Amino acid sequence: VDIPMPVTCFRYSLKEALDQPPDQREAVKARRAQEIAWWEANFRATVEDLSQHPAVIGFNIMNEQDGANWSHPNQGTGPDDQETAFFYAQSKKYADLVKQSDSTKLCGWAFHDSPDLVIFGSQFPSSGPKYLEQLSSFDYWGINSYQTLSFFSITGVGARGSYTDLPASMKKPVLLTELGWSSTGHNGQGQLIDNPTTQGRTADKVRLMFPKVYEDPLMLGAFFFEFSDEWWKQPNGTDSNWDPGAAEANFPNGYWDEEGFGLYSTRRQGGRPNNDDNFITFGPDPKAPFGSKGPKMPVDAYTPRTPVIQALPEVFQAVQP
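First, a word on what this report is: a plain description of the structure on this page. (Residues numbered from 1 in each chain as written. Predicted model: local features only at pLDDT ≥ 70, side-chain atom pairs only at ≥ 80, totals over all residues. Heavy atoms only, no water.)

## A word on the side chain of D66
Part 1: On the secondary structure map, D66 appears in the loop between β1 (58–63) and α3 (68–71).
Part 2: No salt bridge forms around the buried D66; measuring N to O, its nearest opposite-charge neighbour R11 is 11 Å away.
Part 3: At a separation of 2.7 Å, a polar atom in the side chain of D66 contacts the side chain of H112.
Part 4: Apart from the residues within four sequence positions on either side, D66 is in contact with S71, H72, F87, F111 and H112. (Helix = DSSP H or I, 4+ residues; strand = E, 2+ residues; numbered from the N terminus. Buried < 20%, exposed > 50% of the residue type's maximum accessible area, 1.4 Å probe, protein only. Lys, Arg positive; Asp, Glu negative; His and termini not counted. Salt bridge = Lys/Arg side-chain N within 4 Å of Asp/Glu carboxyl O. Polar contact = N/O pair within 3.5 Å; in protein donor to acceptor, adjacent residues only side chain to side chain. Contact = heavy atoms within 4.5 Å.)

Spelled out as structure tokens, the structure:
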């Protein structure tokens, strides 16, 4: 279970409102303290509730709230400061809360694929236990990775920032919390295309890369990213268009189409136009930015990308002991 703790919970300068003009800091700081308190209460309630469910094996304390300035500055060379100290203290705090609620549940984070983290966290602070040592409640290091050839940069002996080369006090299994590739390509007009050929290339990448996860003794496993397309994800795109991404030579179809990563494609149905943003509303203000919108029928239709979907169980069945 991934708990979406916001960046305010991990950034000292945001918590202290240092990004605000001096005359506004105290007011903003008070609001952010309320925000953090709400999220921490939600965190506790979520763990206490869902840890009782037999299908829940563990928790991620956050997803990609790991900007270089506060988690691994200057390519991992530091220096250590209030920002980094706060980031790791908060990470430890939330992991400890999971274990206090249920010590049998796994706990970790979903971090970017960043050798700089390994370098920084294993070398700082300059005195006392290093940051990666302090995260003693973590059971795994979670990485959102989109490698296309091998995982040497993550676990290879001698690789810069290798998890394999960490000392015993910091070494934990690696869980690929995201691993996948877009199943879409581009036509001559810069539009996305999605067909058995493009899907087949991605399925071939699954058959190449997913077995490599299970060949590495440090790897715990991998989650495919993602279940269905999300039309809001492409930078500078919109949530009413299926937007193309930038070129990426090593990707199966030559592009990083962040809106084409799904095992299922998605589309409006029932005659709804793509830009239909009229939803069921709640409360007195139907234009309220949060908490006012509910689902509208008919829900979006999902179309399976069968070649990719078939490739994943093939891999899992092949690696069963």
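Having seen the model, we can carry on.
## Things to note about the sheet that holds β1
Each strand in a sheet pairs with another by means of backbone hydrogen bonds, the pair being arranged parallel or else antiparallel.
Part 1: Taken in spatial order, the five strands make up an open sheet running β1-β2-β3-β4-β7, and their pairing is parallel. Each edge of the sheet is formed by a strand with only one pairing partner; in this case those strands are β1 and β7 (219–224). Ignoring which end each strand starts from, the neighbouring axes of this sheet average 25° apart.
Part 2: Where strand β4 (residues 174–179) meets β7, four bridges bridge the pair, whose relative direction is parallel. (Pairing = 2+ DSSP bridges. Axes fitted to C-alpha atoms, helices over the stretch in contact; angles between N-to-C directions.)

## Brief notes about a nonpolar patch on the surface
Part 1: A cluster of nonpolar side chains, namely I57, L106 and L220, defines an oily patch on the protein surface of about 270 Å² accessible area.
Part 2: Of note, L220 is situated in strand β7.
Part 3: Relative accessible area serves as the criterion here: at 43%, L220 is assigned to the partly exposed category. (Patch = residues over 30% accessible without salt bridge, like charges linked within 9 Å, V, L, I, M, F, W, Y side chains within 5 Å. Areas by Shrake-Rupley, 256 points an atom, 1.4 Å probe, with all protein chains shown as cover.)

## Observations concerning the packing of aromatic side chains
Part 1: Applying the stated criterion across every chain yields a total of 31 aromatic pairs.
Part 2: An aromatic cluster is defined as three or more aromatic residues linked by ring pairs; in this entry it consists of F10, F43, F87, Y88, Y94, W109, F111, F120, F124, Y131, F138 and W141. (Phe/Tyr/Trp six-rings, centres within 6.5 Å; stacked < 30°, edge-to-face > 60°.)

## Examining the layout of surface pockets
Space left empty within the atom packing is revealed by a probe, the size of a water molecule, rolled over the atoms.
Part 1: In this model, the largest pocket occupies a volume close to 470 Å³.
Part 2: For the largest pocket, the lining is made up of 22 residues, of which V1, N60, L175, T177 and F223 are closest to its centre.
Part 3: Counting only elements with at least two residues in the lining of the largest pocket, the list comes to β1, β2 (106–112), β4 and β7.
Part 4: For the lining of the largest pocket, the class distribution of residues is 14 nonpolar, six polar and two charged.
Part 5: The computed volume of the second largest pocket comes to approximately 360 Å³.
Part 6: Along its surface, the second largest pocket is lined by 17 residues, and W231, D239, S240, R268 and D300 are the ones closest to its centre. (1 Å grid on protein atoms, 1.4 Å probe; cavity = no way out; pocket = protein on both sides within 12 Å on 5 of 7 lines; lining within 4 Å. Points joined across faces, edges and corners; volume = space filled by probe spheres on them. Nonpolar A, V, L, I, M, F, W, Y, C, P; charged D, E, K, R; others polar.)

By themselves, these are just geometric observations and shouldn't be taken as functional.
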